Amino acid sequence: MTNALFRPLTPRWGMQKTWSDGRSTKEVAAQFIKPNDRLTSFERLEIYNRQYWFRVLDCLHDDYPGLRTILGTSKFTKLAIAYLERYPSNSYTLRDLGDRLEQFLREEPDWTAPRQALAIDMARFEWAQTVAFDGPAKRSIDADDILTKSADQLILGLQPYLSLLELDYAVDDFLIAVKKSEEDGLRGEASNAVHSAPRGSRRKPVRLPKKQKVLLAVHRYENMVYSKRLEPEEYRILTALEKGETVAAACESALSESGRTDRDWTGIIKNWFDTWSALGWFYLPS
Amino acid sequence: MPSNEFNGFTDYGIGIGLRVPHYRHILAKKPVVDWFEIISENFMVDSGRPLEVLDQILEQYRVVQHGVAIYFGSADDFDRTHLNRLKRLVRRTNTPWLSDHLCWGSVDGRYTHDLLPMPYTFAVAKHTAEKIKAARDFLEVPICVENVSSYAEFHASEMTEWEFLSEVVELADCGILLDVNNIYVSSKNHNFDPYDYVNNIPHHRVGQIHIAGHSKFEKYILDTHDHPVLDPVWKLYAHAIKLVGNTATLLEWDDRIPSFDEVHHEALKADKFRENVIAAR
Ligand SMILES: [Fe+2]
């Protein structure tokens, strides 16, 4: 039965008429499902086949409004089907449904042509929001704890819910515009709630983002998800810390790559560390 | 049997499903609600907003956990991460009992996220009961299994759905979450008398009842949980209450969720209804 459920639907959202081995699906369904006075075995199995696809497509549709807007609903749906065919859900929760989407977009660039780079940026940004929403947190340390330690020995962990992204498109502003233009559709959450085939939504078109380097930290503060634009040196310090470098080494390597020598880096970096600690981004690795 | 070992000897009244669109209203207005049912999986996260809301709810209300992904009927072994997280949540909520569905939904680690019907055979009943027992021993909380609505039946079945349910709960020595809407939906889809179903299950094992609305299509009924409760379901509910007693009842409303007040109003109807039935007994 599972094989039947996971098989993609026809373009008109029906169950495929031919089974994978060439037999008719009608014959296969009749072997294990009873018909009743109103529905054939095929039709009864088809209800489940449709429910499966509507449920998972609905979920990606809700979780990736940015990517869906970039590609258009029809192209997005085709991509989602191809993705789920290769990577069906392997988690008890639909929250994780998109966890291999970025990987798939890299493996199969045709689905997003000619906007592959933009699509990947968007998918990464949208997945980072999921992680920021309910990803694990470690006990954060504050600025005073950092000051008491010597910078060339201090190693800081970055919260697992925090994602640092280097992107070629300003997808952060774009996603805000997309969400504004869409009314808040909430996913049916529970039990046997039924889902319908994906439909295009009627709303004001949002202009696609222009090519522009942006460095982002996607995080949460007081349990709200935010994304914060970072300066190049800021981004470099944080990524170096993420790799396990000491605070001194991270600052040094970030500045050595920086061409901006006219700034008061000591003051700036101190402010950054104050802000990051106030946001709760650091923990002490054991 | 309002209070029994399957609902942790509690005497809960009418509960409402805790749903995202109602969070703000509930936390701000603090309406009088006997208890909230939560979907366990929505709160089996590491941290963040869902747990913050849950903790605020727990400060004021009693919460019962209802799951959608244990899949007692799947041939697969339990997903250990899932069970560990579930146990952590059980400790957090102090749920007096826990429910999930008599169904399957995953195979070889692939998840359908659906509640799929099982072939009603003795072998499947035994396997399912063993998984229920193992889950209860691990989670250390009474378990009630819920009958799902279905749209298909298998040639392999050796008994009716209610015989299968009875067989499983007897073997597992667990409780029943009796969903009267699901019984009604399945009775239409499979041409049986829903009263036969309700009459022929072990009544002393019913720890909780679900009522809900559904959608009617031309050839079958879908359990959509997006309407008020319909008349025949109210009648079946009254019949169930007569047989099993004044049991904790939850009104399910999962899709096209109206305002909290509207759901609350429907739930209060259930309360009145229940009182009348009990008074007339
Ligand atoms: Fe239910």
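Residues numbered from 1 in each chain as written. Chains lettered and ligands numbered in written order. Predicted model: local features only at pLDDT ≥ 70, side-chain atom pairs only at ≥ 80, totals over all residues. Heavy atoms only, no water.

## Focus: the overall build of chain B
For clarity, the threshold we go by: Strands here are runs of E lasting at least two residues and helices are runs of H or I lasting at least four, both read from the DSSP assignment and numbered beginning at the N terminus. Note that the radius of gyration is over C-alpha atoms, with the globule rule given as 2.2 Å times the number of residues to the power 0.38. Each residue's exposure class comes from its accessible area (1.4 Å probe, protein chains only) as a fraction of the maximum for that residue type: buried when under 20%, exposed when over 50%, partly exposed otherwise. By the convention used here, residues are in contact when the closest approach between their heavy atoms is within 4.5 Å. Accessible surface area values rest on a Shrake-Rupley calculation with a 1.4 Å probe, where residue burial reflects the displayed protein chains alone.
The helix and strand tally for chain B stands at ten helices and 13 strands. Over its C-alpha atoms chain B spans a radius of gyration of 18 Å, differing by no more than 12% from the 19 Å that the globule rule assigns to 281 residues. Principal-axis analysis of the C-alpha atoms gives chain B an extent of 50 × 45 × 35 Å. Counting across all 281 residues of chain B, residues that qualify as buried make up 64%. The long-range fraction of contacts in chain B, counting pairs at least 24 apart against all pairs at least 6 apart in sequence, stands at 81%. With an accessible surface of roughly 10,500 Å², chain B has 50% of that area assigned to carbon and sulfur atoms.

## Notes on the coordination of the iron ion
All names here are of chain B. Stated formally: For Na, K and Ca the donor cutoff is 3.2 Å, while for all other metals N, O and S atoms count as donors only within 2.8 Å; water does not appear among the atoms, so some sites may look incomplete.
At this site the iron ion is bound by Glu146 (OE), Asp179 (OD), His210 (ND1) and Glu252 (OE), with donor distances of 1.9 to 2.5 Å. Linear spacing of the donor residues for the iron ion on their chain is E-x32-D-x30-H-x41-E. Within this pair, whereas Glu146 is found in strand 7 (residues 143-146), its partner His210 is found in strand 10 (residues 206-212), the two being separated by 64 residues in sequence. Considered together, Glu146 and His210 belong to a single accessibility category, that of buried residues.

## What about helix 3 (residues 41-63) of chain A?
This is how it is decided: For a helix, the expected span equals 1.5 Å multiplied by the number of residues minus one.
With 23 residues, helix 3 of chain A should cover 33 Å at 1.5 Å per step; its first-to-last C-alpha distance of 34 Å lies within 8% of that length. Among the 23 residues of helix 3 of chain A, 18 are classified as buried, and the element is accordingly described as predominantly covered.

## Here's the deal with the nonpolar core
Note the cut-off: Note on terminology: a nonpolar core comprises buried Ala, Val, Leu, Ile, Met, Phe, Trp, Tyr and Cys residues joined through side-chain atoms within 4.5 Å.
Of all hydrophobic cores here, the largest spans 99 residues; its most connected members are Phe36, Phe164, Leu178, Val180 and Ile209 of chain B. The element that contributes the greatest number of residues to this core is helix 9 (residues 231-244) of chain B, accounting for eight residues. Those residues in contact with Leu178 of chain B that lie beyond four places of it in its chain are Asn147, Ile183, Tyr197, Ile201, Val206, Gln208, Ile209, His210 and Ala240 of chain B. In this structure, Cys59, Tyr64, Leu97 and Ala170 of chain A belong to the second largest nonpolar core, which totals 45 residues.

## Quick word on the interface of chain A and chain B
This is how it is decided: Once two parts are brought into contact, the accessible area they lose, counted with a 1.4 Å probe and summed over both, makes up the buried area. Just to be clear on terms, a salt bridge is a Lys or Arg side-chain nitrogen sitting within 4 Å of an Asp or Glu carboxyl oxygen. Contacts described as polar in this section are N or O atom pairs within 3.5 Å, which, within protein, must combine one atom able to donate a hydrogen with one able to accept it, while residues neighboring in sequence count only if both atoms come from side chains. When residues are sorted by character, Ala, Val, Leu, Ile, Met, Phe, Trp, Tyr, Cys and Pro go into the nonpolar class, Asp, Glu, Lys and Arg into the charged class, and all the rest, Gly among them, into the polar class. Between any two strands, at least two bridges found by DSSP are needed for them to pair.
Contacts between the two partners involve 46 residues from chain A, matched on the other side by 53 residues from chain B. Taking both partners together, chain A and chain B bury about 4,400 Å²; carbon and sulfur atoms supply 56% of that area. Where chain A touches chain B, the interface holds two salt bridges. Glu153 of chain B serves as the salt-bridge partner of Arg44 of chain A, at 3.1 Å between the closest nitrogen and oxygen. Counting the contacts that link chain A with chain B gives 22 residue pairs in polar contact (both at pLDDT 80 or more). Mapped onto the side of chain A that touches chain B, the elements with two or more residues apiece are helix 1 (2-6), helix 2 (25-32), strand 1 (33-34), helix 3 and helix 7 (116-134) of chain A. Take the side of chain A that touches chain B: its biggest share by element is eight residues, from helix 3 of chain A. Among the residues forming the side of chain A that touches chain B, the class breakdown is 22 nonpolar, 14 polar and ten charged. The sheet contact formed by strand 1 of chain A and strand 8 (residues 153-154) of chain B spans two bridges and is antiparallel. Paired with Lys34 of chain A across the strands is Glu153 of chain B, a residue of strand 8 of chain B.

## Quick word on helix 3 (residues 49-60) of chain B
Put simply, the rule reads: Working definition: the arc comes from the directions between the helix axis and the C-beta atoms, pointing outward to the latter.
In this model helix 3 of chain B runs 17 Å from its N-terminal to its C-terminal C-alpha over twelve residues, within 8% of the 16 Å that 1.5 Å per residue would give. Every buried residue of helix 3 of chain B is accounted for by Pro50, Leu51, Val53, Leu54 and Ile57 of chain B. Relative to the axis of helix 3 of chain B, the buried residues are bounded by an arc of 155 degrees and lie together on one face. Looking at the buried positions of helix 3 of chain B, the neighbouring elements they touch are helix 7 of chain A together with helix 1 (23-29), strand 2 (35-39), helix 2 (40-43), strand 3 (63-66) and helix 4 (80-93) of chain B.

## Brief notes about the sheet that holds strand 4 (residues 211-221) of chain A
Residue and element names in this part refer to chain A. Stated precisely, the cut-off is as follows: Whenever a helix is involved, its axis is fitted only over the stretch in contact; in every case the axis is a line through C-alpha atoms, and angles between N-to-C directions fall within 0 to 180 degrees.
Spatial strand order, 3-4-5: three strands in an open sheet with antiparallel pairing. Edge positions in the sheet fall to strand 3 (163-169) and strand 5 (224-229), since each of these pairs with one other strand and no more. Averaged over neighbouring strand pairs, the angle between their axes works out to 30 degrees when direction is ignored. In this sheet, strand 5 lies alongside strand 4 in antiparallel orientation, the contact comprising six bridges. Bridge assignment links Ala217 to a residue of strand 5, and that residue is Lys228. Contacts from helix 10 (residues 232-242) reach strand 3, strand 4 and strand 5, with the element oriented near 135 degrees to strand 3.

## Remarks on the environment of Val185 of chain B
By the secondary structure assignment, Val185 of chain B is in helix 7 (residues 180-190). Distance in space between the C-alpha atoms of Val185 of chain B and Ala75 of chain B is 26 Å, their sequence separation being 110 residues.

## Quick look at unusual backbone geometry
Along the chain, Ala113 of chain A connects to Pro114 of chain A via a cis peptide bond; the corresponding omega equals 0 degrees. You can see Pro114 of chain A is positioned in the loop between helix 6 (101-107) and helix 7. Unlike most non-glycine residues, His113 of chain B shows phi in positive territory, near 60 degrees. Within the secondary structure, His113 of chain B sits in strand 6 (residues 110-116). Exposure remark for His113 of chain B: the relative accessible area of 9% places this residue in the buried category. One non-glycine residue with positive phi stands out, namely Glu140 of chain B, at about 55 degrees.

## Details of a nonpolar patch on the surface
All names here are of chain A. Quick reminder of the rule: Residues qualify for a patch when their relative accessible area is over 30% and they have no salt bridge, like charges being joined within 9 Å and the nonpolar side chains of Val, Leu, Ile, Met, Phe, Trp and Tyr within 5 Å.
Where nonpolar side chains cluster on the molecular surface, the patch consists of Tyr221, Met224 and Tyr226 and spans about 300 Å² of accessible area. Structurally, the position occupied by Tyr226 is in strand 5. You can call Tyr226 partly exposed: its relative accessible area is 40%.

## Overview of the confidence of the model for chain B
The following threshold applies: The quantity known as pLDDT measures the predictor's confidence residue by residue, on a range of 0 to 100.
For chain B, the average pLDDT comes to 91, and 95% of its residues sit at 70 or higher. Confidence estimates for the predicted assembly give a pTM of 0.90 and an ipTM of 0.90.

## Quick word on the state of the cysteines
Residue and element names in this part refer to chain B. Spelled out, the test is: Two cysteine sulfurs form a disulfide in these notes if their separation is within 2.5 Å.
Going through the model one piece at a time under the given rule, you end up with zero disulfides over all chains. With no disulfide partner, Cys144 has as its closest neighbouring cysteine sulfur the one in Cys174, 7.3 Å distant. Relative accessible area serves as the criterion here: at 1%, Cys174 is assigned to the buried category.

## A few points about the sheet that holds strand 4 (residues 98-101) of chain B
All names here are of chain B. Taken together, eight strands build a closed barrel; the order of strands is 1-2-3-4-7-9-10-13 and the barrel is parallel. Averaged over all pairs of adjacent strands, the angle between their axes in this sheet comes to 30 degrees, without regard to strand direction. Here helix 10 (residues 260-280) sits on the sheet and contacts strand 1 (14-17), strand 2, strand 10 and strand 13 (249-252); the angle it forms with strand 1, its principal contact strand, is near 155 degrees.

## Focus on the packing of helix 9 of chain B against helix 10 of chain B
Residue and element names in this part refer to chain B. Basically, it comes down to this: The scheme is simple: roughly parallel for angles under 35 degrees, roughly antiparallel for over 145, roughly perpendicular for 65 to 115, oblique for anything else. Note on convention: near helix rotated counterclockwise from far helix by under a right angle means a left-handed crossing. Clockwise means right-handed.
Two numbers describe how helix 9 lies on helix 10: the axes approach to 10 Å, and their chain directions differ by 45 degrees. Taken together, the axes of helix 9 and helix 10 are oblique relative to one another. Viewed along their axes, helix 9 and helix 10 form a crossing whose handedness is right-handed. Between helix 9, through Trp234, Tyr237, Ala238, Ile241 and Lys242, and helix 10, the contact on the second element is made entirely by Glu266, Lys269, Ala270, Phe273, Arg274, Val277 and Ile278. Considering only residue class, the contact of helix 9 with helix 10 consists of eight nonpolar, no polar and four charged.

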